[in-house]
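Listed here are the chains, written in short residue letters.
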Amino acid sequence: MGFDTIQYQVEERVATIIFDRPEALNALSPAMVKELRQAYADAEADDEVWILLVTGNGRAFCAGADVTEIPDDGRVVYDEPYLSTFPQWEAPQEGTPPFRTMTKPILTAVNGLCCGAGLDLVTTGDIVIASDRAEFFDPHVSIGLVSGREVVRLARALPTNIAMRMALMGRHERMSAQRAYDLGLVSEVVEHDRLLERAREIARTVNRNAPLAVRGTRLAIRRGRDLPLYEAEVMAETFRERVVRERIGRVLALDPSAPAVEFERHWHTWGELAASADAVAPLVRPGERVALLLRNRPPQLGLLLGLLRAGACVVAVNPGRGVERVRADLGSLTVTTVAGGQADLAAFAPRVRWFGSDALGSVEVTGDRPAPDDGELRPEVAVEMLTSGTTGPPKRVPLTYETFRRVLAGAKHYERSPDAGLRLRRGVVVVNAPLVHLGGLFRILQCVNDGRSFCLLERFRVEEWADAVRRHRPSTVSLVPAALRMVLDADLDPTDLSGVRSVISGTAPLSPEDADAFQARFGVPVLTSYAATEFGGGVAGWNLADHERYWAAKRGSVGRAHAGCALRVVDPDTGAPRGPDEPGLLEVRAAQLGADSGWTRTTDLARIDADGFLWILGRADQAIIRGGFKILPDEVRVALERDPRVRGAAVVGRPDARLGAVPVAAVEPRPGVTVTAEALLAAAAGVLARYELPVQLRVVEALPRTPSGKVDLAAVRELFTQQP
């Protein structure tokens, strides 16, 4: 709509509002107040606006209420919640004033005279700068009016005696821009002719940051000022939790007809995902724990997004672990609601409330809603995520909404165009990791957060994966080491991966020989990484620049610490930090866990060189002590996997009455290869010490693996307790 008393324009995500009554010193008339309300409402509702810039035209910023337009009765309303000096031109409406409902930051550029109600516009600005010609005063007592709202706000922005002096001196004393800066009323004084230019520079700088994080921070500061410290801190945490939740809802609503997720070559829209989320969100309370039987299928994806958007605590359950184990897992959770596909609910779930979904947009509720005081609430936790279960039963790690916000923000650091804008983006991501694993969950949330379409594979099969890569040509793909070896062994043409610039590989050790073989065959570098569910994701890894410069000299490393993360190696007994290339236990300080998280000790043996590159040497809790000799299973595994006949190997310890423990190994040969245990041990004897050689080696068709693609070491141990 057009305006008569103000100018309004949107450019580069900045809504500029210019008071445009210079002949009246931009005094606020009834018409101007209405137009200002409309302009603020328009800016708040426009997703293309991230910040408001407010200034005036002419020699005044705002001279307060236009006294020439006070109604005949002259009545002034002092409790009017927008501008207290306004005559009662209209009654306050629900949802006003704009300043109290605005979530977007306001940058105020005071270009000249500012008095009366204009002071209120200054104190409601989030960043305030002033021209060197600006001056401030409060004329109320000089015209026979009590200074109400304006001086109360001033008393919070200025020392009380300064605010009192300004109010009681009236129009007979004026504060200069420099004095306002010295007292903190404005944050910067600018040459008059550069005021608007400088304001736009500041707006662009603010807009480089994540917009929802900026809004949450603004609201936390504004609303927390009047609360006791503890209450303000609690309130600030709720704004943090809302960032991820609100982002999901906003992205789903951008373009309901646009394609969002492809599954089995059929595209589902953002609107279909939104329909599932809309159906689930009203059914749960923030923090309510809901067990979700997660499969890589669109209906479960819709349930997941709906629960997160509602602020629920999603308890991830892997339905692929076998009927008895899944039933036992669900029975131990003490949840009052279980969600998933109808067949999974019937097979596994206890008789509590069920959210069943076999199609996007359709959610069938069975059972009664829990009582308000029934069940534990964990409003800060987004997902209780399963670890991979490599060495034993999977355990759950609580990952907060704030952790996911930090992880998603940190991922922008590695993108060529780290734009956090709210829009749908081009390109299609191929998601082949299981959603029940952190890698798959993060990939999905990253796509939704960015507004990027993705192809969801139910499980990794080389043919389906290669078909998706050929059709969608993603620039980056993720392959766990086992999947990478399957791609190497498959009959794929290098042109199948012609659009791929890099492969990210993690969750398990990858031999440098396999990484080199992949790059030699497909021309694509493999960037290994180091992550753990306990850290909320990755803490170290390679990037393309490091790979090009350092890989030849540092092959086998898992890369350097991610931005904001820190790594160190310590003595296992004393905890004293070790120097470059000295082995010890790895400790991590993960940026996504917050600045106060401190150092977390892992069970990984590691070394870090002088350039900060990390090598994982094995796990301290898997070391095998054979008659006093210490054996690291990963070193034995690497020796076995050097054999060109071997696709993968796993080494574990077996109790021994005489020696304490001895190494045993399972080996998966490459497709089409027949090999004996004796031949493999003979080859390994040329690399390993005699005490490191496995006392038993079994050749298996396929190594047992967890859903994340890691070798299931507990299942490997069972191979050696069974009769051959």
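Data block above holds the structure.
Given the structure is predicted, the values throughout are model-derived calculations rather than measurements.

Asker: What is the right way to look at the packing of helix 11 (residues 298–309) against helix 15 (residues 438–450) in this model?
Answerer: To describe two helices that pack against each other, one gives the angle between their axes and the distance between the axes. The geometry of helix 11 relative to helix 15 is characterised by a closest axis approach of 12 Å and an angle of 70° between their N-to-C directions. Here helix 11 lies roughly perpendicular to helix 15, going by the angle between them. Classified by chirality, the crossing of helix 15 by helix 11 is right-handed. Contact residues: helix 11 offers L301, L304, L305 and L308, while helix 15 offers L441, I444, L445 and V448. For the contact of helix 11 with helix 15, a count of residues per class yields eight nonpolar, no polar and no charged.

Asker: Would you explain the packing of aromatic side chains in this entry?
Answerer: The geometry of an aromatic ring pair comes down to the distance between the two centres and the angle between the two planes. Following the criterion strictly, the structure yields seven aromatic pairs and no others. Between F3 and Y8, the ring centres sit 6.0 Å apart and the planes meet at 70°, which makes this aromatic pair edge-to-face. Looking at F3, the relative accessible area reads 16%, which means it is buried. Grouped by ring-pair contacts, the aromatic residues W542, Y550, W551 and F613 constitute a single cluster. Just above the ring of W615 sits the side chain of R607; from NZ or CZ to the centre is 4.1 Å.

Asker: Please explain the packing of helix 14 (residues 401–411) against helix 15 as it appears in this structure.
Answerer: Look at helix 14 against helix 15: their axes get within 11 Å of each other, and the N-to-C directions meet at 70°. Judged by the angle between their axes, helix 14 and helix 15 are roughly perpendicular. On the side of helix 14, the interface is formed by F404, V407, L408 and A411, while helix 15 contributes L438, L441, F442, L445, Q446 and N449. A per-class count over the contact of helix 14 with helix 15 returns eight nonpolar, two polar and no charged.

Asker: Any chance you could explain the side chain of N318 here in plain terms?
Answerer: Tracing the backbone through its elements, the reader meets N318 in the loop between strand 14 (313–317) and helix 12 (323–331). Side-chain polar atoms of N318 contact the backbone nitrogen of G320, separated by 2.9 Å. Look past the residues within four positions of N318 in its chain and what remains in contact with it is V326, L386, V436 and P707.

Asker: Looking at this model, I keep getting lost on helix 18 (residues 512–522). Mind explaining?
Answerer: Note: α-helices contain 3.6 residues per turn, so residues at a spacing of three or four share the same orientation. Along helix 18, the residues classified as buried are P512, D514, A515, F518 and F522. Within helix 18, the buried residues cover an arc of 165° as seen down the axis, which keeps them to one side. On its buried face, helix 18 is in contact with helix 17 (481–489), strand 23 (502–505), strand 24 (526–532) and helix 19 (544–554).

Asker: How do you make sense of the pairing of strand 33 (residues 646–656) when you look at a structure like this?
Answerer: Consecutive residues of a regular strand have side chains that alternate between opposite faces of the sheet. Pairing analysis gives ten bridges linking strand 33 to strand 34 (residues 660–669), with the strands arranged antiparallel. Across the sheet, the residue bridging to R654 is V662, located in strand 34. What sits between strand 33 and strand 34 in their antiparallel hairpin is a turn of three residues.

Quick notes on the rules
Residues numbered from 1 in each chain as written. Predicted model: local features only at pLDDT ≥ 70, side-chain atom pairs only at ≥ 80, totals over all residues. Heavy atoms only, no water. Axes fitted to C-alpha atoms, helices over the stretch in contact; angles between N-to-C directions. Helix = DSSP H or I, 4+ residues; strand = E, 2+ residues; numbered from the N terminus. Parallel < 35°, antiparallel > 145°, perpendicular 65-115°, else oblique. Left-handed = near helix turned anticlockwise from the far one by under 90°. Contact = heavy atoms within 4.5 Å. Nonpolar A, V, L, I, M, F, W, Y, C, P; charged D, E, K, R; others polar. Phe/Tyr/Trp six-rings, centres within 6.5 Å; stacked < 30°, edge-to-face > 60°. Buried < 20%, exposed > 50% of the residue type's maximum accessible area, 1.4 Å probe, protein only. Lys NZ or Arg CZ within 6 Å of the ring centre and 35° of its normal. Polar contact = N/O pair within 3.5 Å; in protein donor to acceptor, adjacent residues only side chain to side chain. Arc of directions from axis to C-beta. Pairing = 2+ DSSP bridges.

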